[in-house]
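A structural walkthrough
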Amino acid sequence: MPATFVVVPQWQGSVSSRAMSHADGAAAILGDLPAAATILVEVPVEAGDALGTGVARYSALRRVRERTEEALAQVPDLAITVGGDCGASLGAVAHASRRSGGDLAVLWLDAHPDLNTPESSPSGGFGGMTLRAIAVEHEVAVLTVEDLSDPSTVIAALEDTGASQVFVHVDLDVLDPSALAGLSYPMPFGIETTTLVSLLRAVAARFPLAGAAIAGFAPSSPEAADDDLPTILRLVAALTSGGAARTSDGGDASSATGSD
């Protein structure tokens, strides 16, 4: 499937001690993407201010979202957003929802639920609030790592939403740390690369993708990034393996499905 890559080296949504490594991760992935099919979103250098919202660095995050949506508006085909931290997916899902006319399910593959609110978050980091901001009051079905090993289980959960199009978000920490070193929030007992690739291919074969995102790459050095890039590029290939996405205008995401 033809795809355009929108690279968003946002780091302000992370409160990890390695937060700025998310920008390095996005830049590393950018270096292996086709230049003619890639748009780079400018991210402010400054951290930004909460502005009384309870969201750390809110002012910078808001500016990045506006710039991301401006970039996505230029994309005529499938847009794959490359973060940065998970917050980069907020504008990407909004764009996909408009393209799908609201006929959209979100498959949120993440080792963490990202369902905090400004009131419940212990840190104020927006990365841990992103799915809550997307789902709002929509139903969220939770899948286990074991569920993800069976693509038919995931596809059935997506079919149960009634949506005919899907947005796929991949936080790389859904992978087991043995599969990828460049993670700011590694969690043990994640899924293996081959399993995730098979799942993404199955979803892309079953549903038109209205959009996709990869986030959470935080390499410790350029050399470490080089070691991880082949794994990430396998995931990119899987996301672009399906048929053409359908598009229309207006609407909001109808539901969200995630992993724990």
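Look up a bit, the structure's there.
Residues numbered from 1 in each chain as written. Predicted model: local features only at pLDDT ≥ 70, side-chain atom pairs only at ≥ 80, totals over all residues. Heavy atoms only, no water.

A look at the overall build of the protein
Note the following rule: Only runs of H or I of at least four residues qualify as helices and only runs of E of at least two qualify as strands under DSSP, and these elements are numbered from the N terminus. Restricting the calculation to C-alpha atoms gives the radius of gyration, and the globule rule supplies 2.2 Å times the number of residues raised to the power 0.38. Each residue gets one of three labels from its accessible area relative to the maximum for its type: buried under 20%, exposed over 50%, partly exposed in between, using a 1.4 Å probe on protein chains only.
Helix and strand content of the protein: eight helices and eight strands. For 260 residues, the compact-globule formula gives about 18 Å, and the C-alpha radius of gyration of the protein, at 16 Å, lands near that figure. Projected onto its principal axes, the C-alpha positions of the protein cover 40 × 40 × 40 Å. The burial tally for the protein puts 55% of its 260 residues in the buried class.

Here we look at unusual backbone geometry
With an omega of 25 degrees, the peptide bond between Gly-83 and Gly-84 qualifies as cis. By secondary structure assignment, the location of Gly-84 is in the loop between β3 (78-83) and α3 (89-100). Residue Leu-51 is not a glycine yet carries a positive backbone phi of 55 degrees. Tracing the backbone shows Leu-51 in the loop between β2 (38-40) and α2 (58-72). Non-glycine residue Val-136 carries a positive phi angle of around 50 degrees. Assignment of secondary structure puts Val-136 in the loop between α4 (130-135) and β5 (140-143). Take Val-136: its relative accessible area is 52%, and that puts it in the exposed class.

With respect to α2
Note the threshold: To estimate the expected span of a helix, subtract one from its residue number and multiply by 1.5 Å.
Here α2 spans 21 Å end to end across 15 residues, near enough to the 21 Å set by a 1.5 Å rise per residue. Within the span of α2, buried status applies to Ser-59, Ala-60, Leu-61, Val-64, Thr-68, Glu-69, Ala-71 and Leu-72.

What about the packing of α2 against α3?
For clarity, the threshold we go by: For every element, the axis is a line fit to its C-alpha atoms; helices are fit only across the contacting stretch, and the angle between N-to-C directions ranges from 0 to 180 degrees. Note that the term roughly parallel is reserved for angles under 35 degrees, roughly antiparallel for angles over 145, roughly perpendicular for angles of 65 to 115, and oblique for everything else. The crossing is said to be left-handed when, going from far helix to near helix, the turn is anticlockwise and less than a right angle, and right-handed when the turn is clockwise. Whether two residues are in contact is decided by their heavy atoms: any pair within 4.5 Å suffices.
Put simply, α2 and α3 touch, their axes get as near as 9 Å, and they point 40 degrees apart. As far as their axial angle goes, α3 and α2 are oblique. At the point where α2 passes α3, the crossing takes the right-handed sense. Residue-level inspection shows Arg-65, Glu-69 and Leu-72 of α2 in contact with α3, the latter providing Leu-90, Gly-91, Ala-92, Ala-94, His-95 and Arg-98.

Points about the packing of helix α7 (residues 193-206) against helix α8 (residues 222-239)
To keep things clear, this is the line we draw: When residues are sorted by character, Ala, Val, Leu, Ile, Met, Phe, Trp, Tyr, Cys and Pro go into the nonpolar class, Asp, Glu, Lys and Arg into the charged class, and all the rest, Gly among them, into the polar class.
As a packed pair, α7 and α8 sit with axes 8 Å apart at the nearest point and diverge in direction by 15 degrees. Comparing their axes, α8 and α7 come out roughly parallel. Judged by the sense of rotation from one axis to the other, the crossing of α7 with α8 is right-handed. On α8, the residues that touch Thr-193, Thr-194, Leu-196, Val-197, Leu-200, Arg-201 and Ala-204 of α7 are Thr-231, Arg-234, Leu-235, Ala-237, Ala-238 and Leu-239. The class makeup of the residues in the contact of α7 with α8 is eight nonpolar, three polar and two charged.

Some words on the nonpolar core
The condition that has to hold: Take the buried residues of types Ala, Val, Leu, Ile, Met, Phe, Trp, Tyr and Cys, join any two whose side-chain atoms come within 4.5 Å, and each joined set is a nonpolar core.
With 48 residues, the main nonpolar core has Leu-109, Val-168, Val-170, Leu-172, Leu-196 and Val-203 as its most contacted residues. The dominant element in this core, judged by the number of residues it contributes, is α8, at seven residues. Once residues lying within four places of it in the same chain are set aside, the contact partners of Val-170 are Leu-109, Leu-196, Leu-200, Ala-213, Ile-214, Ala-215 and Leu-235. Counting residues in each nonpolar core, the second largest holds 28 residues, with Val-6, Ala-79, Val-106 and Ala-213 among its members.

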